[in-house]
Amino acid sequence: AAAKEAEQPMLRIGDRAPQPMLAEILKGNTDFKTFPKGKVTVMEFWATWCGPCKAGMPHLSELQAEYADRGVTIIGVTQEEPSVVKTFLGKPEWDAKTRYTMALDQDAKTNEAYMKAARRNGIPCAFVVDEKGRVAWIGHPMSMDEPLAKIVAKDWDIVEARTEFERAAKAQQMMRAISMSLREARRSGDYADAMRQINKGLEMMPGDPSLSMMKFETMIGPIGDPTGYDIGWDLFKENKGNAMMLNRIAWYVLDDAAVKERNLDFALLVAKSANEASGGSDAAILDTLARAYFELGDFDT
């Protein structure tokens, strides 16, 4: 499925925005037919069952009010059953919280043209279409304020935005390939391809903490290579103030069944640093520190 998806054209920042295929506009700009020239439009995908979508509705309403005199139209698009959506919007609470255009997708065609084409799997998700009809930004609506302001002011560097989007898309594709390779490795017990994929990722993004953590865990865990602790030390030095990352490192060493050679002194040092970074008040991190002392036979500390 991933291979077939990779072969399909991908909607990217800077591309011409697909024409929305809307079955019905329920409220707001009911005259909307296509992207107006010289004006900015936001296509936001949501659903009635989506908690984050509903939580962000008042903010979208505020943005619509803020930019109404600049010709901006925010359109919330859902592919749910019309009766479900109409019942939802008919409730006074949600009618008041959705002071922007709300529309029904036509046979999921708009969702396919935007969400599926851009490889976006989660909602809410917004696409800002600039005054030239180009996709200028893609992301979570709650992160839209700054880019929207720049796009409306015609101060948005779309070339830079596309470059960053391409980098993120490649990173996402790479992480999916690594995840699939690790799944297969857990089934077969052969981690050679998984390690090749991880190393390839680190060549592309040197020092990436997520990839470094994957390599560390794979080496000291299922592969059983104690030289993986060298990566652990690097992670420790680079994440001194990151309590959650440090706690994850220490807990993996202490608790994961795949780890056969546990460097308890290393785990204790990392757990201490995690506790310091958290201010000594996080129960989950204190639990890791206590486990480290216990494994070393220190029952008094």
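Residues numbered from 1 in each chain as written. Predicted model: local features only at pLDDT ≥ 70, side-chain atom pairs only at ≥ 80, totals over all residues. Heavy atoms only, no water.

Caption draft 1: Here's a closer look at the overall build of the protein. Per the secondary structure count, the protein includes 13 helices and 6 strands. With the C-alpha coordinates aligned to their principal axes, the bounding extent of the protein is approximately 70 × 40 × 40 Å. A separation of at least 24 residues holds for 67% of the contacts in the protein among residues at least 6 apart in sequence. Summing over all exposed atoms, the protein offers an accessible surface of approximately 15700 Å²; the carbon and sulfur share of this is 50%. When the 38 positive and 45 negative side-chain charges of the protein are each reduced to one mean point, those points stand 6 Å apart. (Helix = DSSP H or I, 4+ residues; strand = E, 2+ residues; numbered from the N terminus. Contact = heavy atoms within 4.5 Å. Areas by Shrake-Rupley, 256 points an atom, 1.4 Å probe, with all protein chains shown as cover. Lys, Arg positive; Asp, Glu negative; His and termini not counted. Charge placed at Lys NZ, Arg CZ, Asp CG, Glu CD.)

Caption draft 2: Spatial organisation of helix α10 (residues 228-238). The complete set of buried residues in α10 reads Gly228, Tyr229, Ile231, Gly232, Leu235 and Phe236. All buried residues of α10 lie within an arc of 150 degrees about the axis, which places them on one face of the element. Across from the buried face of α10, at angles greater than 90 degrees, the exposed residues are Asp230, Lys237 and Glu238. Here the buried face of α10 lies against α9 (209-223), α11 (243-255) and α12 (264-277). (Buried < 20%, exposed > 50% of the residue type's maximum accessible area, 1.4 Å probe, protein only. Arc of directions from axis to C-beta.)

Caption draft 3: How the structure looks around helix α2 (residues 51-67). The terminal C-alpha atoms of α2 lie 25 Å apart, and with 17 residues this matches the ideal 24 Å at 1.5 Å per residue to within 8%. Along α2, the largest kink reaches about 40 degrees and is centred on methionine 57; proline proline 58 follows within four residues of it. Buried residues in α2 make contact with β2 (41-45), β3 (73-78), α3 (82-90), α4 (92-97), β4 (101-105) and α6 (145-152). (Expected span 1.5 Å × (residues − 1). Bend = angle between axes of the 7 residues up to and from the residue.)

Caption draft 4: Region of the structure containing the packing of helix α7 (residues 158-188) against α9. Packing of α7 against α9 leaves a shortest axis separation of 12 Å and a crossing angle of 15 degrees. The orientation of α7 relative to α9 falls into the category roughly parallel. The interaxial crossing formed by α7 with α9 has left-handed handedness. Within the contact between the two elements, α7 uses Met174, Met175, Ile178 and Leu182 and α9 uses Ser210, Leu211, Met214 and Thr218. Classifying every residue of the contact of α7 with α9 by side-chain character gives 6 nonpolar, 2 polar and no charged. (Axes fitted to C-alpha atoms, helices over the stretch in contact; angles between N-to-C directions. Parallel < 35°, antiparallel > 145°, perpendicular 65-115°, else oblique. Left-handed = near helix turned anticlockwise from the far one by under 90°. Nonpolar A, V, L, I, M, F, W, Y, C, P; charged D, E, K, R; others polar.)

Caption draft 5: Inspection of a positive patch on the surface at higher detail. Taken together, the side chains of Lys39, Arg70, Lys132 and Lys154 make up a positively charged region of the molecular surface. In this fold, lysine 132 is placed in the loop between β5 (125-129) and β6 (135-139). Residue classification places lysine 132 among the exposed positions, given a relative accessible area of 53%. (Patch = residues over 30% accessible without salt bridge, like charges linked within 9 Å, V, L, I, M, F, W, Y side chains within 5 Å. Salt bridge = Lys/Arg side-chain N within 4 Å of Asp/Glu carboxyl O.)

Caption draft 6: Region of the structure containing the packing of aromatic side chains. Counted according to the given criterion, the structure contains 13 aromatic pairs. Between phenylalanine 216 and tyrosine 229, the aromatic rings sit 6.0 Å apart at their centres with planes inclined by 75 degrees, giving edge-to-face as the arrangement. With phenylalanine 216 in helix α9 and tyrosine 229 in helix α10, this pair connects stretches of sequence that are 13 residues apart. The residues phenylalanine 216 and tyrosine 229 share a single accessibility class, namely buried. Ring geometry for phenylalanine 216 and tyrosine 252: centres 6.5 Å apart, planes at 55 degrees, overall tilted. (Phe/Tyr/Trp six-rings, centres within 6.5 Å; stacked < 30°, edge-to-face > 60°.)

Caption draft 7: Spatial organisation of the pattern of salt bridges. Taken as a whole and assessed by the stated rule, the structure comprises 14 salt bridges. A salt bridge links glutamate 164 to arginine 167, with the shortest nitrogen-to-oxygen separation between them at 2.9 Å. Here glutamate 164 pairs with arginine 167, and both are found in helix α7, just 3 residues apart, close to one helical turn. On the accessibility criterion, arginine 167 (40% relative accessible area) is partly exposed.

Interpretation note: all reported values are geometric properties and have no functional meaning in isolation.
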